[in-house]
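Spelled out, the chains give:
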Amino acid sequence: MDQQKPSRKRIAVIPGDGIGQEVIPQALKVVQASGADVEMSEFDWSADRYLRDGTTVPPDGFAMLARDFDAIMAGAFGDPRVKTNIHAKEILLGMRFKMDLYANVRPVRLLDESLCPLKGVEPKDVDFIVIRENTEGVYTDAGGVFKQGTPDEIAIQEDINTRKGVERIIRYAFDYCEQNTKLDGSPRSRVLMCDKSNAMTHAGSLWQRVFKEVSGEFPQIETQHMYVDALCIQMVRDPRPFDVIVTNNMFGDIITDLAAGLQGGLGMAASGNIHPGQTSMFEPVHGSAPPIAGKNVANPFGAILTAAMMLAHLGLTKEVEKIEAAVLEAVRQKKGTQDIGGTLGTREAGEWVATFVSRR
Ligand code: ATP
C-alpha cells in the first residue's frame, strides 16, 4: 500500500457550474504539471447536483472540508436553471460564512502592458491587493420586506458591521502589508481604508475608529483613507499609488471587478478566502458566466493563478514560481484565450501552460 507522505497537501476541489467546470480542470492540470505534492478529491456540489437530488451541501459538508482538507479550490456557482440561486448561496456563501473565511484577498497585478486598457501603464504600475471583509455587510441577508407587492411595499437590507469583524479584517490588512512585498521585491508600505463614511455614518464611524486604533500598532505603515467613489476614479486615472486596500464586503466586491479591468478582465483575476490557521478556500474572481459556458472560450488563467495562490498559502513556493512564470510567458506569447488577445481555447491555453510548467 502507498505510504502517504506527511507533507502531502489534501485539496478539496469543487468546480461548480458554468465555466467553473471548464477552468478548474485546467488549473488542476497545471498544478499536477508543477510537481506539487498534493492529493485532490473532487466534489460535485453544483446546480446539476441540486437539480438531480435537491442537495446543495451534504450534511456535515463544511465540517468535513475543515477537518479533512488543507485547502479548497472552488470554481464558480450560478446557473440560469436555478432561478433562486439557492445552491450558489448555500455553497459559496456557506463556505465563506460558515467556515468563517473572513479575509477575501484579491491581488491586482498587470502581467503585461497589452492587457491594460489604460494608456502608458506598465506592469510595475498595477500591483496592489484588495482585502475585502468576507463574512458581514449586506451579504448576511438581514432585513425583510413588508407589504410586498403593494404600492406601500418597504424593503430593508441591513448592513451588518461588528466590532470583531471590522477589527480582524483591518488587522489582517496591516499584517499583510507588513509580511508581503511587491512583485519587484520592494516592501509594501501603505494601507488604505475605503468606505463611504460620509453617507453611511454609523458603520463608517466604527470602521474609522477601529482603523485608527489598529494602525497605532503598526507605526511603520503609512495610512490613507478614500471614499469609495473617489477611489474608483483614482483607479482608472492612475492606479500607481495603491498598495494594500482594505474595505467592506460590498465595496470589495465592486472595486475588484473594476480592478480586474486593469489586469485584462475577469478572466485574469485570482482570489483567496482566508481564515489564518484554518482550511481556506481559493476561487477565481469571475462567476459562472452562463453566456460563454460550454464553448471552450473561457480564460483559464484566473483559475490557474488562483491555484498558484493556494499553493503559496500552503507553502509550495517553488511550484508557484513555475506556474506564475508560465502564465506570464503565455500572456506575452499570446498563448491564451480571445479575451486577452490570444487564439486558443480554454483547454488548449491550459495545456500550453501545463506543458511550459512541466519543462521547467
Ligand atoms: P458573479 O455574480 O457570480 O460573480 P457575474 O454575473 O458578475 O458573476 P461573471 O459570471 O463573472 O459575471 O461573468 C460576466 C462576464 O464576464 C461573462 O459573461 C464573460 O463575458 C466575462 N467573463 C467572466 N469570466 C470570464 C473568463 N474566465 N473568461 C472570459 N470571459 C469571462
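A brief structural summary. (Residues numbered from 1 in each chain as written. Predicted model: local features only at pLDDT ≥ 70, side-chain atom pairs only at ≥ 80, totals over all residues. Heavy atoms only, no water.)

## A short note on the overall build of the protein chain
Helix and strand counts for the protein chain stand at 11 helices and 12 strands. Whereas a compact globule of 360 residues would reach a radius of gyration of roughly 21 Å, the protein chain reaches 20 Å, a difference of no more than 12%. Taken along its principal axes, the extent of the C-alpha atoms in the protein chain is 55 × 50 × 40 Å. Within the protein chain, buried positions represent 52% of all 360 residues. Of the roughly 16,300 Å² of accessible surface on the protein chain, a fraction of 51% belongs to carbon and sulfur atoms. Distance from the positive charge centre (40 side chains) to the negative charge centre (48 side chains) of the protein chain: 2 Å. (Helix = DSSP H or I, 4+ residues; strand = E, 2+ residues; numbered from the N terminus. Rg over C-alpha atoms; globule rule 2.2 N^0.38 Å. Buried < 20%, exposed > 50% of the residue type's maximum accessible area, 1.4 Å probe, protein only. Areas by Shrake-Rupley, 256 points an atom, 1.4 Å probe, with all protein chains shown as cover. Lys, Arg positive; Asp, Glu negative; His and termini not counted. Charge placed at Lys NZ, Arg CZ, Asp CG, Glu CD.)

## Things to note about the site of the ligand
Within the structure, the ligand sits among Ile19, Leu266, Gly267, His286, Gly287, Ser288, Ala289, Pro291, Ile292, Ala298, Asn299 and Asp339. For the ligand, an oxygen atom lies 3.4 Å from a polar atom in the backbone of Ser288. In this structure, a nitrogen atom belonging to the ligand sits 2.8 Å away from a main-chain N or O atom of Asn299. In isolation the ligand exposes 620 Å². Once the protein is present, 58% of that is buried. Of the residues belonging to the shell around the ligand, the class tally is 6 nonpolar, 5 polar and 1 charged. (Near = heavy atom within 4 Å. Polar contact = N/O pair within 3.5 Å; in protein donor to acceptor, adjacent residues only side chain to side chain. Nonpolar A, V, L, I, M, F, W, Y, C, P; charged D, E, K, R; others polar.)

## Brief notes about the pairing of strand β9 (residues 222-227)
Both strand β8 (residues 190-195) and β9 contribute to a ladder of 6 bridges, which runs parallel. Within β9, the residue paired with Asp195 across the bridge is Tyr227. Taking the sense of rotation as the criterion, the β-α-β connection linking β8, helix α6 (residues 201-215) and β9 turns out right-handed. (Pairing = 2+ DSSP bridges. Right-handed = clockwise from strand over helix to strand, strands pointing away.)

## With respect to the sheet that holds strand β4 (residues 103-109)
Strand order in the open sheet made by the 10 strands is β2-β1-β3-β12-β11-β4-β5-β10-β8-β9, with mixed pairing throughout. Only two strands of the sheet have a single neighbouring strand rather than two, namely β2 (38-42) and β9. Pairwise comparison of adjacent strand axes, ignoring direction, gives a mean angle of 25 degrees for this sheet. Examined bridge by bridge, strand β11 (residues 272-274) and strand β12 (residues 280-282) share 2 bridges and lie antiparallel to one another. Bridge pairing links Asn273 to Met281 in β12. Relative to the sheet, helix α4 (residues 86-98) contacts β1 (9-16), β3 (71-76), β4, β5 (127-133), β11 and β12, its axis offset from that of β12 by approximately 140 degrees. Helix-sheet contacts for helix α8 (residues 249-263) involve β4, β5, β8 and β10 (244-247), and the interaxial angle to β5 is about 155 degrees. (Axes fitted to C-alpha atoms, helices over the stretch in contact; angles between N-to-C directions. Contact = heavy atoms within 4.5 Å.)

## Things to note about a nonpolar patch on the surface
Taken together, Phe146, Ile154 and Ile156 make up a surface patch of nonpolar side chains, about 290 Å² in accessible area. When you line up the elements, Ile156 lands in strand β7 (residues 154-157). (Patch = residues over 30% accessible without salt bridge, like charges linked within 9 Å, V, L, I, M, F, W, Y side chains within 5 Å. Salt bridge = Lys/Arg side-chain N within 4 Å of Asp/Glu carboxyl O.)

## Considerations on the environment of Leu305
With respect to the helices, strands and loops of the structure, Leu305 is situated in helix α9 (residues 301-313). Sequence-distant contacts of Leu305, that is, excluding residues within four places in its chain, are made with Leu111, Met268, Ala270, Glu324 and Val327.

## Concerning the nonpolar core
Membership of the largest hydrophobic core comes to 86 residues, with the highest contact counts inside it found for Phe128, Ile131, Ile170, Ile245 and Phe301. Sorting elements by how many residues they give to this core places α9 first, with 9 residues. When residues of this core are assigned to domains, at least three fall in each of domain 1 (8-101 + 282-360) and domain 2 (105-274). With sequence-adjacent residues up to four places away left out, Ile131 is seen in contact with Asn104, Val105, Ile169, Tyr172, Ala173, Tyr176, Val244, Ile245, Val246 and Thr247. Within the second largest apolar cluster, 19 residues are counted, among which are Phe43, Phe77, Met99 and Leu101. (Core = buried A, V, L, I, M, F, W, Y, C linked by side-chain atoms within 4.5 Å. Domains from an automatic or database assignment.)

## Section: the side chain of Ser288
Within the secondary structure, Ser288 sits in the loop between β12 and α9. A distance of 2.8 Å separates a polar atom in the side chain of Ser288 from the backbone oxygen of Gly78. Every residue in contact with Ser288, bar those within four places of it in the chain, is listed here: Asp17, Gly18, Ile19, Ala76, Phe77, Gly78 and Ala293.

## A short note on the pairing of β1
Most of β1 sits inside the fold, with 6 of its 8 residues counted as buried. Taken together, β1, helix α1 (residues 20-33) and β2 constitute a β-α-β crossover, and its handedness is right-handed. As judged from the 5 bridges shared by β1 and β3, these two strands associate in the parallel manner. The residue bridging Ile14 from the neighbouring strand is Ala74, located in β3.

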